[in-house]
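So the chains spell out like this:
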Amino acid sequence: MQKNRAAIILLLLVLFCPASPQSVVNTLHNLSVSGPGTVKASSETEVCIFCHTPHNSRPLSPLWNRDDPGGTFILYNSSTINAAPGQPDGSSVLCLSCHDGTIALGNILSSAADIDMTAGIVRMPLGRKNLSTDLSDDHPVSFLYNSALAASDGQLKDPSAILYPVALENEKVQCTSCHDPHKNVYPDFLVASTRFSQLCTNCHKRDYWASSGHSTSTKTWNGTGANPWPHTPYSNVAENGCENCHNPHNAGGKFRLLNYLAEENNCLNCHNGNVAASNILTQLSKSYIHNVYGYNLSHDPVENAISSAMHVECVDCHNPHAARVASAAAPNANGFIIGVQGVSQAGAPVKPIQYQYELCYRCHADSPDKPPSRTVRKIIQNNVRLEFDPVNPSYHPVTAAGKNSNCISLIRPAYSESSILYCTDCHASDGPGAPVGPHGSAYQSILKYRYEKTDLTVESSSGYALCYSCHSRTSILGDNSFGEHKKHIVDERTPCNVCHDPHGISSIQGNSTNNSHLINFDVNVVSPNGVSNLRFVDTGINSGYCMLTCHGRPHGAGMDY
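Remember, predicted model here, so these are calculated numbers, not experimental data.

How each quantity is defined
- Residues numbered from 1 in each chain as written.
- Predicted model: local features only at pLDDT ≥ 70, side-chain atom pairs only at ≥ 80, totals over all residues.
- Heavy atoms only, no water.
- Helix = DSSP H or I, 4+ residues; strand = E, 2+ residues; numbered from the N terminus.
- Rg over C-alpha atoms; globule rule 2.2 N^0.38 Å.
- Buried < 20%, exposed > 50% of the residue type's maximum accessible area, 1.4 Å probe, protein only.
- Contact = heavy atoms within 4.5 Å.
- Salt bridge = Lys/Arg side-chain N within 4 Å of Asp/Glu carboxyl O.
- Core = buried A, V, L, I, M, F, W, Y, C linked by side-chain atoms within 4.5 Å.
- Phe/Tyr/Trp six-rings, centres within 6.5 Å; stacked < 30°, edge-to-face > 60°.

**Student:** Could you clarify how one ought to interpret the overall build of the protein chain in this entry?
**Tutor:** What the protein chain contains, in helices and strands, is 15 helices and 12 strands. Compactness check: the protein chain gives a C-alpha radius of gyration of 33 Å against a globular reference of 24 Å for 561 residues, more than 25% above the reference. With the principal axes as the frame, the protein chain shows a C-alpha extent of 120 × 45 × 35 Å. Counting every position in the protein chain, which comprises 561 residues, the buried fraction comes to 42%. Partitioning the intrachain contacts of the protein chain with sequence separation of at least 6 by distance along the chain shows that 53% fall at a separation of at least 24.

Next comes the structure, spelled out in C-alpha cells:
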C-alpha cells in the first residue's frame, strides 16, 4: 500500500511538477521544505501534496487536497461592470483555499494533522498575496464571459478573439485565466507579461487606447519622491500600461481597481513633475484651482453629461485611456481632452465631445449646481452656453467668430475678426511654461493673466494683462475704437469689467442696440441716472452713449460726462 501511494505521488510529480526551469518545484507554490520562499513547511518533503491528492480528493478534479473555504465572499462591483460575478467557483475557489487567509496552509484532506510551517506561519501572511474574503478590490472572477457580454460591454473582445495562453474555464473568467499555478515564468504566476498591457488587452479593447499617451509614452521616473509604480518592475509609462493606474489585486480604489482611493492620486503620482513633463501638482497648490481634492467618489463614469451636483476630478475633463499630445485649432477638442463627454451648444449630451467648450458646458452651463458669476450685472446670466450662443447680440468668439466686423483694437496678425478662441485662452494656469488647462492660477476664476475688476484700479499693462493679450493697449488707450476709453480707464480708473461682460449677453435677455460690444454693466459700480433705465445705446460704428450714473456723475444723451 505504501509503495502504491509513493508511486502515485511520483506520477503526480511527473504530471504536475516537471523538472524544468518552469517547474512548480522552483516556484513559491512549492511549500515543501525545499521550497525557495519564506512560507514553507518545516519538514514536509512532498511538493504537490499541499494542493493535490491521489485519493479522496474534493472536488474530484484536479485531485484537490484542500477544503473549500465555504464562506461568503464580498464581490467586486461598480457602475461600469456589465458582467455578473458570482461567488467563487471552479479553480478560483480552489486558489482561495489558501489565498483568502482563512484556512491553514498545512490543512490538507489527506492528513489528519496539519503540516507544520516554518516561523510559526499558519495561514497566508497578510499582504498582496492574501486577498481575504473581501474580493471587492480584486479583478472579478467566476463570471460568464460570452459573446453577449462582449457585445453589451462594447470594450471587451469577443471570447473567440481571446488568444492562448489566456483562457476561459467553462466559459468563465477564473483565477487560472490569468495565472498558471505551476509556472512562474512571469511575476505572480501570470500566464503572460503585463508589460505594455499585453495580458490585459487579451480581453480588454479600450477605445483610443492604442494611440494614447499612457500606452505609448516612454517617459521614465526621475527618481524624485515616491516610486509611481510600486507594484510593477517596469521603467516607463508605456511598459506599465494599464498598471500606471490600476492594480488587479488589493486595489486602493475598489470600484475600478485603481491604485489609490483618492482619484486624483492616480494621476498626480506621475503628473507631479517626476514623470510627466507638466507638473499639475504645482498648479493645484495655487490660490484658485479646480479643486480635485475637495471631492472623493463623487464622479461616476456613467453619470449624466450635465453635472447635477458640483464636483471635479481629473477624469471629469480627461479620459486616461485616450489622452495624448495632439494639437487642434479652436474650437476643436485637442488630444488632452479627447474621448470625454460634454454638452453641445444646443444643450444636448455629446460623447465624445467635438469642441472644447462642450466639456466646459458640463458644469458651467445647464448644471443646477454651476458656479455663480463673480460680478453682479444688470443682466444676470450664469449659463455660459447661453452667453456664448452665436445668435447673441455680442459674445466673445468661443463658439463662432464674433459679431463685431470692425474690431480695430485686435493685435494683428495673431487675431482678426474671424478668430475663434478656446475657453482656455482666458481660463488656464498662469505663469511661463504652465500647462494649457485650467488647473490652477494665482488669479481669480483660474485666469491665465491678471484681470483687475475692482473699481478705481490704476491702469497698467499688468493690471489688465488678460485683455491686453488680445487687444492692443496702444489702440485702446489711443481711443481708436471708442473715444472715451482712455478717460474711463486711465483718468477715472474704471476697469474694463465695469462695462464689458466678457462672456456675452444672451439673446433672450439683451439686444443689439443696448448690448453690442459686450456691454452689460456692473451694478455695484454704476446705477440709473434718474432720467431713464440703466442702459447703453449703440448709435453706429464706434458711436453710442450710456444712460447711467458712475462715480457720482450722471451720463446720458446730451449730458456732460
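**Student:** Please clarify how the pattern of salt bridges should be interpreted in this entry.
**Tutor:** Where side chains of opposite charge bring their charged atoms close, a pairing between them can arise. Under the criterion given, the structure shown has 15 salt bridges. In this structure, the salt-bridge partner of Lys254 is Asp134, at a minimum N-O distance of 3.1 Å. Taken together, the residues span a long stretch of sequence, with Lys254 in the loop between helix H6 (237–240) and helix H7 (265–268) and Asp134 in the loop between helix H2 (90–99) and strand S1 (143–144) at a distance of 120 residues. One connected set of salt bridges, linked through shared partners, spans Arg128, Lys129 and Asp188.

**Student:** Even after reading the chapter, I still don't get the nonpolar core, so can you show me in this structure?
**Tutor:** Inside soluble globular proteins, nonpolar side chains tend to come together where they are buried. In terms of nonpolar packing, the biggest core is built from 14 residues, with Phe143, Tyr145, Leu149, Val166 and Leu199 touching the most fellow members. Ignoring any residue separated from it by four or fewer positions in sequence, one finds Leu149 in contact with Asn82, Ala83, Phe143, Leu144 and Leu156.

**Student:** Explain the packing of aromatic side chains here, please?
**Tutor:** Both the distance between ring centres and the angle between the ring planes are used here to describe each pair of aromatic rings. Inspection of the entire model under this criterion finds three aromatic pairs. Relative to Tyr357, the ring of Tyr355 has its centre 5.4 Å away and its plane inclined at 10°; by these criteria the two rings are stacked. Ring plane angle 90° and centroid distance 6.4 Å describe the contact between Tyr464 and Tyr468, whose orientation is recorded as edge-to-face. Each member of the pair, Tyr464 as well as Tyr468, is classed as buried. Through a chain of ring-to-ring contacts, the aromatic side chains of Tyr355, Tyr357 and Tyr361 assemble into a single cluster.

Keep in mind these values describe shape, not function.
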